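Coordinate inspection notes
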Amino acid sequence: MKNITIIYWSGTGNTEAMAMGVMEGAKSEGTDVKIINVSDAKSEDVLNADAVALGCPSMGSEQLEESEMEPFVESISHEISGKRLVLFGSYGWGNGEWMTDWQERMESYGANLVDEGLIINNAPDDEGIERCKELGKLLAKV
Ligand SMILES: Cc1cc2nc3c(=O)[nH]c(=O)nc-3n(C[C@H](O)[C@H](O)[C@H](O)COP(=O)(O)O)c2cc1C
């Protein structure tokens, strides 16, 4: 069975809710899904997965959360090469620049981004959760 690992950081639960939607979508395709808070994640979790989803809200000033997510993303720069990947996260008042930057960065590491990064303003509503599920399904395919 194909296995997917979802690794996320979330301060107030919005990106976590998105992660749950991605998980539900991936599971509905019959994949084995592991969901990990980044504080517990190791680079092997990425290495051993067939496909990976990473979630982080826009923090700082259009940046990844700096104490846990930022160093983790740096630490997987070699493990992620050639791997199917999707990115997602919640934002507040910005224009999504953090996600554009993050996508470019993961592409520079050689990741195989299977879709545009999914960004949702604040808490995901029902339609937002549906979009997260679709992202999980897409990641699970192929
Ligand atoms: C310290 C801090 C910095 C933030 N910086 C940005 C930002 O630069 N751009 C933006 O759109 N939202 C920013 N936000 C808003 C968060 O991205 C938004 O509240 C998001 O829903 C939080 O997701 P979470 O519940 O998964 O933590 C910031 C929030 C905090 C607490």
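Because the structure is a prediction, the values reported are computed rather than measured. (Residues numbered from 1 in each chain as written. Predicted model: local features only at pLDDT ≥ 70, side-chain atom pairs only at ≥ 80, totals over all residues. Heavy atoms only, no water.)

Evaluated as defined, the whole model comprises six salt bridges. The partner of Lys133 in a salt bridge is Glu130, with the nearest N and O atoms 3.4 Å apart. In this pair, Lys133 and Glu130 are both assigned in helix H5 (residues 126–140), three residues apart and thus about one turn of the helix distant. Residue Glu130 is classed as partly exposed on the basis of its relative accessible area, which comes to 40%. Residues participating in the shared-partner salt-bridge network are Glu24, Glu130 and Lys133. (Salt bridge = Lys/Arg side-chain N within 4 Å of Asp/Glu carboxyl O. Helix = DSSP H or I, 4+ residues; strand = E, 2+ residues; numbered from the N terminus. Buried < 20%, exposed > 50% of the residue type's maximum accessible area, 1.4 Å probe, protein only.)

As a further point, take the side chain of Ser10. Here Ser10 lies in the loop between strand S1 (3–8) and helix H1 (14–28). A polar atom in the side chain of Ser10 sits 3.1 Å from the backbone nitrogen of Gly13. Only 3.4 Å separates the side chain of Ser10 from the backbone nitrogen of Thr15, close enough to count as a polar contact. Sequence-distant contacts of Ser10, that is, excluding residues within four places in its chain, are made with Thr15 and Glu16. (Polar contact = N/O pair within 3.5 Å; in protein donor to acceptor, adjacent residues only side chain to side chain. Contact = heavy atoms within 4.5 Å.)

So, about the nonpolar core. If you look at the biggest cluster of nonpolar residues, it comprises 26 residues, and the most contacted ones within it are Leu54, Ile80, Leu85, Trp102 and Met106. Where this core is concerned, the elements lending two or more residues are strand S3 (51–55), helix H3 (69–75), strand S4 (84–91) and helix H4 (97–108). Of the residues forming this core, the biggest block, four residues, is contributed by H4. Excluding anything up to four places from it in sequence, Met106 contacts Leu54, Val73, Ile76, Ile80, Leu85, Leu87, Ala111 and Leu113. Counting 19 residues, the second-largest nonpolar core is a separate cluster that includes Ile6, Tyr8, Ala51 and Phe88. (Core = buried A, V, L, I, M, F, W, Y, C linked by side-chain atoms within 4.5 Å.)

Let us look at the site of the ligand. Taken together, 19 residues surround the ligand, and among them Ser10, Thr12, Ser58, Ser90 and Gly94 come closest. When the free accessible area of the ligand is taken as 650 Å², the share hidden by the protein chains comes to 78%. For the shell around the ligand, the secondary-structure elements that each account for two or more residues are H1 and S4. Among the residues forming the shell around the ligand, the class breakdown is five nonpolar, 13 polar and one charged. (Near = heavy atom within 4 Å. Areas by Shrake-Rupley, 256 points an atom, 1.4 Å probe, with all protein chains shown as cover. Nonpolar A, V, L, I, M, F, W, Y, C, P; charged D, E, K, R; others polar.)

Interaxial distance between H1 and H5 falls to 6 Å at its minimum, and their mutual angle equals 45 degrees. Compared by their axis directions, H1 and H5 come out oblique. In this structure, the crossing between H1 and H5 has a hand that is right-handed. From H1, Ala17, Met18, Gly21, Val22, Glu24, Gly25, Ala26 and Ser28 reach across to H5, where they touch Ile129, Cys132, Lys133, Leu135, Gly136, Lys137 and Ala140. Of the residues that constitute the contact of H1 with H5, the class distribution is eight nonpolar, four polar and three charged. (Axes fitted to C-alpha atoms, helices over the stretch in contact; angles between N-to-C directions. Parallel < 35°, antiparallel > 145°, perpendicular 65-115°, else oblique. Left-handed = near helix turned anticlockwise from the far one by under 90°.)

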